[in-house]
Amino acid sequence: MLQSILNAARNSLAGVAAAARNEGSFQVEAGGVRRASAAGPVVGGTGVERALLVSSVLIVLCAELVNTALEAAVDRISLEMHPLAKRAKDIGSAR
């Protein structure tokens, strides 16, 4: 049980690292997380406000990870331009 949790965590961290290395939009949004985390103590009056500020940016980061995974899966199927592939990528990026 513990081994499967550790394997899942390792795989998740590998995915985040791959996105951080290869995805420009993820890098920009990760910068936003760093700025929001730094601004949290200044902007947020209470602990709840600071937590909401940071968590809202983290949600965007998670959505970017899902979109990146969707685009990679579509590209894996075919690099050929196809209307359904375009639709899937457009919907994924709409978040």
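Here the structure is a predicted model, which is why all the values come from computation and not from measurement. (Residues numbered from 1 in each chain as written. Predicted model: local features only at pLDDT ≥ 70, side-chain atom pairs only at ≥ 80, totals over all residues. Heavy atoms only, no water.)

Right, let's talk about the nonpolar core for a bit. Counting seven residues, the largest nonpolar core is built from Ala19, Phe26, Ala30, Val33, Ala36, Val57 and Leu61. Put simply, the parts of the chain that give this core at least two residues each are α2 (24-43) and α3 (47-77). Ranked by residue count, the leading element in this core is α2, at four residues. Setting aside its immediate chain neighbours within four residues, Ala19 contacts Phe26 and Leu65. (Core = buried A, V, L, I, M, F, W, Y, C linked by side-chain atoms within 4.5 Å. Buried < 20%, exposed > 50% of the residue type's maximum accessible area, 1.4 Å probe, protein only. Helix = DSSP H or I, 4+ residues; strand = E, 2+ residues; numbered from the N terminus. Contact = heavy atoms within 4.5 Å.)

Counted by the stated rule, this structure contains two salt bridges. Where Asp90 meets Lys86, a salt bridge forms, and the shortest distance between an N and an O atom there is 2.5 Å. Of this pair, Asp90 and Lys86 both sit in helix α4 (residues 83-94), separated by four residues, roughly a single helical turn. (Salt bridge = Lys/Arg side-chain N within 4 Å of Asp/Glu carboxyl O.)

Packing of α2 against α3 leaves a shortest axis separation of 9 Å and a crossing angle of 175°. Judged on the interaxial angle alone, α3 and α2 are roughly antiparallel. Along the contact surface, α2 presents Ser25, Phe26, Glu29, Ala30, Gly32, Val33, Ala36, Ser37, Ala39, Gly40 and Pro41, while α3 presents Arg50, Leu53, Val54, Val57, Leu58, Val60, Leu61, Glu64 and Leu65. Grouping the constituent residues of the contact of α2 with α3 by class yields 13 nonpolar, four polar and three charged. (Axes fitted to C-alpha atoms, helices over the stretch in contact; angles between N-to-C directions. Parallel < 35°, antiparallel > 145°, perpendicular 65-115°, else oblique. Nonpolar A, V, L, I, M, F, W, Y, C, P; charged D, E, K, R; others polar.)

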